[in-house]
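# Descriptive analysis of the structure
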Amino acid sequence: MKPSNTEQWVIHTVFIIVSCLCLIPFLLLVSASMSSEKSIIQYGYSLFPIEFSLESYKYLFREPAMLLNAYGVSILITVVGTLVSLVIMTLLAYPISRKEMPLRNLIAFFIFFTMLFNGGLVPTYLMYTNIFDIKNTLFALLIPGLLVSAFFVILIRTFFTMNIPNEVIESAYMDGAGEFKIFYRIVLPLSTPVLGAVGLFQLINYWNDWFNGLIYITDSKLYSIQVLLNTILLNAQYLVTNVHFADDMGQADDLPSNGLKMAIAAIGVIPILITYPFFQKYFAKGLTVGAVKG
(Lines give C-alpha, C1' and ligand atoms only; values in the text may rest on other atoms or scores of the structure.)
Protein backbone atom coordinates (compact mmCIF):
# COMPACT_ATOMS: atom_id res chain seq x y z
CA MET A 1 0.00 0.00 0.00
CA LYS A 2 1.44 3.34 -1.06
CA PRO A 3 1.77 5.85 1.82
CA SER A 4 -0.28 9.05 1.63
CA ASN A 5 1.27 12.47 1.06
CA THR A 6 1.04 13.24 4.77
CA GLU A 7 2.81 10.01 5.68
CA GLN A 8 5.52 10.72 3.12
CA TRP A 9 6.07 14.19 4.56
CA VAL A 10 6.35 12.73 8.06
CA ILE A 11 8.82 10.07 6.90
CA HIS A 12 10.91 12.64 5.02
CA THR A 13 10.90 14.99 8.00
CA VAL A 14 12.04 12.24 10.36
CA PHE A 15 14.88 11.22 8.04
CA ILE A 16 15.97 14.84 7.58
CA ILE A 17 16.12 15.28 11.37
CA VAL A 18 18.07 12.02 11.80
CA SER A 19 20.49 13.06 9.03
CA CYS A 20 21.07 16.42 10.72
CA LEU A 21 21.71 14.67 14.04
CA CYS A 22 24.28 12.46 12.31
CA LEU A 23 26.15 15.60 11.23
CA ILE A 24 26.54 16.87 14.80
CA PRO A 25 29.59 14.71 15.67
CA PHE A 26 31.37 15.85 12.50
CA LEU A 27 30.54 19.51 13.25
CA LEU A 28 31.90 19.06 16.78
CA LEU A 29 35.03 17.50 15.30
CA VAL A 30 35.69 20.38 12.89
CA SER A 31 34.76 23.01 15.47
CA ALA A 32 37.12 21.58 18.09
CA SER A 33 39.96 21.39 15.57
CA MET A 34 39.50 25.13 14.93
CA SER A 35 39.19 26.14 18.59
CA SER A 36 41.95 27.34 20.87
CA GLU A 37 43.22 24.96 23.52
CA LYS A 38 42.20 27.32 26.33
CA SER A 39 38.59 27.57 25.14
CA ILE A 40 38.29 23.78 24.87
CA ILE A 41 39.64 23.32 28.41
CA GLN A 42 37.46 26.12 29.80
CA TYR A 43 34.18 25.65 27.92
CA GLY A 44 34.43 22.17 26.42
CA TYR A 45 33.37 21.26 22.89
CA SER A 46 30.77 23.29 20.99
CA LEU A 47 29.19 23.25 17.54
CA PHE A 48 30.93 26.52 16.68
CA PRO A 49 34.37 27.67 17.84
CA ILE A 50 34.14 29.94 20.88
CA GLU A 51 37.68 31.16 20.31
CA PHE A 52 38.79 30.58 16.72
CA SER A 53 42.31 29.25 16.28
CA LEU A 54 44.23 27.32 13.63
CA GLU A 55 47.12 26.35 15.91
CA SER A 56 46.26 22.65 15.60
CA TYR A 57 46.56 22.75 11.81
CA LYS A 58 49.71 24.90 11.99
CA TYR A 59 51.26 22.27 14.24
CA LEU A 60 50.30 19.53 11.78
CA PHE A 61 51.64 21.41 8.76
CA ARG A 62 55.00 22.30 10.28
CA GLU A 63 56.55 19.87 7.77
CA PRO A 64 54.23 20.02 4.73
CA ALA A 65 56.57 17.95 2.54
CA MET A 66 56.34 14.99 4.92
CA LEU A 67 52.56 15.34 5.14
CA LEU A 68 52.17 15.45 1.36
CA ASN A 69 54.46 12.44 1.00
CA ALA A 70 52.35 10.52 3.52
CA TYR A 71 49.19 11.47 1.61
CA GLY A 72 50.80 10.22 -1.61
CA VAL A 73 51.73 6.90 0.00
CA SER A 74 48.21 6.47 1.38
CA ILE A 75 46.55 7.29 -1.93
CA LEU A 76 48.84 4.91 -3.83
CA ILE A 77 48.36 2.07 -1.35
CA THR A 78 44.60 2.63 -1.14
CA VAL A 79 44.04 2.67 -4.91
CA VAL A 80 46.38 -0.23 -5.74
CA GLY A 81 45.34 -2.29 -2.72
CA THR A 82 41.62 -1.86 -3.38
CA LEU A 83 41.88 -2.80 -7.06
CA VAL A 84 44.24 -5.75 -6.54
CA SER A 85 42.24 -7.13 -3.61
CA LEU A 86 39.01 -6.89 -5.62
CA VAL A 87 40.60 -8.81 -8.51
CA ILE A 88 41.99 -11.54 -6.23
CA MET A 89 38.82 -11.95 -4.15
CA THR A 90 36.58 -11.97 -7.23
CA LEU A 91 38.74 -14.58 -8.97
CA LEU A 92 38.60 -16.68 -5.80
CA ALA A 93 34.86 -16.25 -5.22
CA TYR A 94 33.72 -17.04 -8.76
CA PRO A 95 35.00 -20.65 -9.01
CA ILE A 96 33.56 -21.65 -5.62
CA SER A 97 30.20 -20.20 -6.66
CA ARG A 98 29.97 -22.69 -9.54
CA LYS A 99 28.44 -26.09 -8.83
CA GLU A 100 30.68 -27.65 -11.47
CA MET A 101 33.82 -26.71 -9.52
CA PRO A 102 35.46 -29.79 -7.96
CA LEU A 103 36.14 -29.55 -4.20
CA ARG A 104 34.45 -26.15 -4.04
CA ASN A 105 32.95 -26.88 -0.62
CA LEU A 106 36.34 -27.86 0.77
CA ILE A 107 37.93 -24.69 -0.59
CA ALA A 108 35.08 -22.63 0.84
CA PHE A 109 35.62 -24.30 4.23
CA PHE A 110 39.32 -23.38 4.22
CA ILE A 111 38.38 -19.77 3.41
CA PHE A 112 35.83 -19.72 6.23
CA PHE A 113 38.32 -21.34 8.61
CA THR A 114 40.62 -18.32 8.34
CA MET A 115 37.83 -16.16 9.79
CA LEU A 116 37.93 -18.18 13.01
CA PHE A 117 41.62 -18.86 13.57
CA ASN A 118 44.94 -17.24 12.76
CA GLY A 119 48.58 -17.79 13.62
CA GLY A 120 48.88 -14.82 15.96
CA LEU A 121 50.90 -11.62 15.77
CA VAL A 122 54.40 -12.96 16.49
CA PRO A 123 54.39 -15.81 13.89
CA THR A 124 52.80 -13.47 11.36
CA TYR A 125 55.47 -10.82 11.95
CA LEU A 126 58.30 -13.35 11.68
CA MET A 127 56.86 -14.81 8.50
CA TYR A 128 56.48 -11.46 6.73
CA THR A 129 59.84 -10.06 7.89
CA ASN A 130 62.11 -13.14 7.77
CA ILE A 131 60.58 -15.18 4.96
CA PHE A 132 58.89 -12.65 2.68
CA ASP A 133 61.16 -9.75 3.71
CA ILE A 134 58.57 -7.01 3.27
CA LYS A 135 59.67 -4.82 6.18
CA ASN A 136 60.14 -1.19 5.13
CA THR A 137 58.56 -1.79 1.74
CA LEU A 138 55.20 -0.75 0.32
CA PHE A 139 54.19 -4.42 0.29
CA ALA A 140 54.02 -4.20 4.10
CA LEU A 141 51.12 -1.77 3.70
CA LEU A 142 49.46 -3.79 0.94
CA ILE A 143 49.52 -7.44 1.97
CA PRO A 144 49.26 -8.29 5.69
CA GLY A 145 45.67 -8.72 6.79
CA LEU A 146 44.19 -6.55 4.04
CA LEU A 147 44.74 -8.02 0.59
CA VAL A 148 42.22 -10.86 0.95
CA SER A 149 39.31 -10.94 3.37
CA ALA A 150 37.49 -14.25 3.86
CA PHE A 151 34.28 -12.44 4.74
CA PHE A 152 34.31 -10.45 1.49
CA VAL A 153 35.10 -13.59 -0.54
CA ILE A 154 32.04 -15.30 0.94
CA LEU A 155 29.97 -12.16 0.36
CA ILE A 156 30.94 -12.00 -3.32
CA ARG A 157 30.41 -15.75 -3.74
CA THR A 158 26.91 -15.43 -2.26
CA PHE A 159 26.10 -12.64 -4.70
CA PHE A 160 27.31 -14.73 -7.65
CA THR A 161 25.24 -17.72 -6.48
CA MET A 162 22.01 -15.81 -5.89
CA ASN A 163 22.08 -13.17 -8.63
CA ILE A 164 23.84 -14.71 -11.65
CA PRO A 165 21.36 -17.12 -13.29
CA ASN A 166 22.81 -20.43 -14.43
CA GLU A 167 20.71 -20.13 -17.58
CA VAL A 168 22.69 -17.06 -18.62
CA ILE A 169 26.00 -18.89 -18.18
CA GLU A 170 24.71 -21.99 -19.98
CA SER A 171 23.50 -19.91 -22.92
CA ALA A 172 26.93 -18.27 -23.11
CA TYR A 173 28.48 -21.75 -23.21
CA MET A 174 26.18 -22.69 -26.09
CA ASP A 175 27.30 -19.58 -27.97
CA GLY A 176 30.90 -20.73 -27.67
CA ALA A 177 32.10 -18.43 -24.86
CA GLY A 178 34.87 -19.69 -22.58
CA GLU A 179 35.14 -19.32 -18.81
CA PHE A 180 37.22 -16.17 -18.91
CA LYS A 181 34.92 -14.48 -21.43
CA ILE A 182 31.85 -15.41 -19.38
CA PHE A 183 33.49 -14.06 -16.24
CA TYR A 184 34.65 -10.84 -17.88
CA ARG A 185 31.70 -10.07 -20.17
CA ILE A 186 28.75 -11.41 -18.14
CA VAL A 187 29.53 -11.99 -14.46
CA LEU A 188 31.47 -8.80 -13.71
CA PRO A 189 29.00 -6.37 -15.35
CA LEU A 190 26.15 -7.98 -13.38
CA SER A 191 28.12 -7.76 -10.12
CA THR A 192 28.79 -4.03 -9.86
CA PRO A 193 26.64 -3.62 -6.68
CA VAL A 194 28.62 -6.11 -4.60
CA LEU A 195 31.95 -5.07 -6.12
CA GLY A 196 31.17 -1.44 -5.35
CA ALA A 197 30.22 -2.24 -1.74
CA VAL A 198 33.27 -4.44 -1.14
CA GLY A 199 35.47 -1.90 -2.91
CA LEU A 200 34.25 0.83 -0.56
CA PHE A 201 34.94 -1.32 2.49
CA GLN A 202 38.42 -2.15 1.21
CA LEU A 203 39.11 1.48 0.40
CA ILE A 204 38.21 2.47 3.97
CA ASN A 205 40.27 -0.38 5.40
CA TYR A 206 43.37 0.60 3.45
CA TRP A 207 42.96 4.31 4.14
CA ASN A 208 42.44 3.86 7.87
CA ASP A 209 45.12 1.22 8.34
CA TRP A 210 47.85 2.27 10.76
CA PHE A 211 48.65 -1.06 12.41
CA ASN A 212 50.72 -2.50 9.55
CA GLY A 213 52.70 0.72 9.29
CA LEU A 214 53.32 0.71 13.02
CA ILE A 215 54.68 -2.85 12.94
CA TYR A 216 56.48 -3.13 9.62
CA ILE A 217 57.54 0.43 8.73
CA THR A 218 60.37 2.34 10.39
CA ASP A 219 61.39 4.47 7.38
CA SER A 220 59.56 7.81 7.64
CA LYS A 221 59.52 8.13 3.83
CA LEU A 222 57.11 5.15 3.71
CA TYR A 223 54.74 6.45 6.39
CA SER A 224 51.10 6.48 5.37
CA ILE A 225 48.97 9.42 6.47
CA GLN A 226 47.50 7.44 9.38
CA VAL A 227 50.92 6.36 10.64
CA LEU A 228 52.31 9.89 10.34
CA LEU A 229 49.34 11.46 12.13
CA ASN A 230 49.54 8.85 14.87
CA THR A 231 53.28 9.58 15.26
CA ILE A 232 52.63 13.34 15.47
CA LEU A 233 49.95 12.77 18.10
CA LEU A 234 52.20 10.51 20.18
CA ASN A 235 55.02 13.06 20.00
CA ALA A 236 52.69 15.84 21.10
CA GLN A 237 51.36 13.77 23.99
CA TYR A 238 54.93 13.01 25.04
CA LEU A 239 55.79 16.71 25.09
CA VAL A 240 52.64 17.49 27.09
CA THR A 241 53.42 14.85 29.72
CA ASN A 242 57.08 15.91 29.88
CA VAL A 243 56.71 19.61 30.55
CA HIS A 244 60.36 20.23 31.35
CA PHE A 245 61.47 18.72 28.04
CA ALA A 246 58.85 20.77 26.19
CA ASP A 247 60.08 23.94 27.93
CA ASP A 248 63.61 23.23 26.74
CA MET A 249 62.27 22.78 23.20
CA GLY A 250 60.30 26.03 23.47
CA GLN A 251 56.99 24.22 22.70
CA ALA A 252 55.29 24.06 26.09
CA ASP A 253 52.79 26.78 25.21
CA ASP A 254 52.31 25.76 21.59
CA LEU A 255 50.80 22.29 21.99
CA PRO A 256 47.05 22.21 21.30
CA SER A 257 46.71 18.61 22.42
CA ASN A 258 42.89 18.41 22.40
CA GLY A 259 42.46 20.37 19.18
CA LEU A 260 45.29 18.39 17.61
CA LYS A 261 43.39 15.12 18.08
CA MET A 262 40.37 16.59 16.31
CA ALA A 263 42.46 18.08 13.50
CA ILE A 264 44.09 14.70 12.92
CA ALA A 265 40.68 13.04 12.74
CA ALA A 266 39.39 15.71 10.34
CA ILE A 267 42.36 15.37 7.99
CA GLY A 268 42.00 11.59 8.03
CA VAL A 269 38.25 11.48 7.33
CA ILE A 270 37.89 14.17 4.64
CA PRO A 271 39.17 11.99 1.72
CA ILE A 272 36.66 9.27 2.66
CA LEU A 273 33.83 11.82 2.72
CA ILE A 274 34.83 12.95 -0.77
CA THR A 275 34.99 9.38 -2.09
CA TYR A 276 31.83 7.96 -0.51
CA PRO A 277 29.24 9.63 -2.85
CA PHE A 278 30.78 7.84 -5.85
CA PHE A 279 30.21 4.45 -4.18
CA GLN A 280 26.90 5.18 -2.45
CA LYS A 281 24.52 3.60 -4.95
CA TYR A 282 26.64 0.44 -5.19
CA PHE A 283 27.03 0.36 -1.42
CA ALA A 284 23.26 0.46 -0.84
CA LYS A 285 22.61 -2.32 -3.39
CA GLY A 286 25.52 -4.44 -2.17
CA LEU A 287 24.25 -4.50 1.40
CA THR A 288 21.12 -6.33 0.25
CA VAL A 289 23.17 -9.40 -0.70
CA GLY A 290 21.58 -12.41 0.91
CA ALA A 291 18.17 -10.81 1.40
CA VAL A 292 15.14 -13.07 1.06
CA LYS A 293 13.36 -12.60 -2.21
CA GLY A 294 9.60 -12.46 -2.19
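You'll find the structure just up there.
Everything in this summary refers to the structure shown in the same document. (Residues numbered from 1 in each chain as written. Predicted model: local features only at pLDDT ≥ 70, side-chain atom pairs only at ≥ 80, totals over all residues. Heavy atoms only, no water.)

## With respect to the overall build of the protein
Along the backbone of the protein there are 15 helices and 0 strands. Within the protein, the proportion of its 294 residues that are buried is 36%. A separation threshold of at least 6 residues defines the contact pool for the protein, and within that pool the share at least 24 residues apart is 75%. Only carbon and sulfur atoms are counted for the fraction: they give 68% of the accessible area of the protein, which is about 18100 Å². (Helix = DSSP H or I, 4+ residues; strand = E, 2+ residues; numbered from the N terminus. Buried < 20%, exposed > 50% of the residue type's maximum accessible area, 1.4 Å probe, protein only. Contact = heavy atoms within 4.5 Å. Areas by Shrake-Rupley, 256 points an atom, 1.4 Å probe, with all protein chains shown as cover.)

## Considering the side chain of Ser-31
Within the secondary structure layout, Ser-31 lies in helix H1 (residues 5-33). Overall, Ser-31 belongs to the buried group, its relative accessible area being 4%. Leaving out residues up to four positions away in the same chain, Ser-31 has contacts with Ser-46, Leu-47, Phe-48 and Pro-49.

## What to know about the environment of Leu-29
With respect to the element layout, Leu-29 can be found in helix H1. Ignoring anything within four residues of it in the chain, the contact list for Leu-29 reads Met-262, Ala-265, Ala-266 and Val-269.

## So, the pattern of salt bridges
Opposite charge on two side chains permits pairing when their charged atoms draw close. The full count for this structure, using the stated rule, is 3 salt bridges. Two residues, Glu-100 and Arg-98, come together in a salt bridge whose shortest N-O distance is 3.3 Å. Judged by relative accessible area, which is 9%, Arg-98 ranks as buried. Through salt bridges with shared partners, one network takes in Arg-98, Glu-100 and Glu-179. (Salt bridge = Lys/Arg side-chain N within 4 Å of Asp/Glu carboxyl O.)

## Regarding the nonpolar core
In terms of nonpolar packing, the biggest core is built from 36 residues, with Leu-60, Leu-229 and Leu-260 touching the most fellow members. Mapped onto this core, the elements with two or more residues apiece are helix H3 (55-60), helix H4 (64-97), helix H7 (139-142), helix H11 (192-208), helix H12 (211-216), helix H13 (225-241) and helix H15 (257-286). In contact with Leu-60, not counting residues within four places along its chain, are Leu-67, Leu-229, Ile-232, Leu-260, Ala-263, Ile-264 and Ile-267. Core analysis: the next-biggest nonpolar cluster, separate from the first, contains 24 residues, Leu-86, Ala-108, Ala-150 and Val-187 among them. (Core = buried A, V, L, I, M, F, W, Y, C linked by side-chain atoms within 4.5 Å.)

## Quick look at the packing of aromatic side chains
Under the counting rule described, the total for this entry stands at 13 aromatic pairs. On the numbers, 5.1 Å between centres and 45° between planes, the contact of Tyr-94 with Phe-183 is tilted. Of this pair, Tyr-94 sits in helix H4 while Phe-183 sits in helix H10 (residues 179-190), and the two are 89 residues apart along the sequence. For Tyr-94, a relative accessible area of 9% translates into the label buried. Phe-183 gets classed as buried once you look at its relative accessible area, which sits at 8%. (Phe/Tyr/Trp six-rings, centres within 6.5 Å; stacked < 30°, edge-to-face > 60°.)

## Side note on the environment of Thr-158
Mapped onto the elements of the fold, Thr-158 is located in helix H8 (residues 150-163). Residues Thr-158 and Tyr-94, spaced 64 residues apart in sequence, show a C-alpha to C-alpha distance of 9.6 Å.

## A short note on the state of the cysteines
The full count for this structure, using the stated rule, is 0 disulfides. With no disulfide of its own, Cys-20 has Cys-22 as its nearest cysteine by sulfur position, at a separation of 9.1 Å. The class for Cys-20 is partly exposed, based on a relative accessible area of 44%. Residue classification places Cys-22 among the exposed residues on the basis of a relative accessible area of 56%. (Disulfide = S-S within 2.5 Å.)

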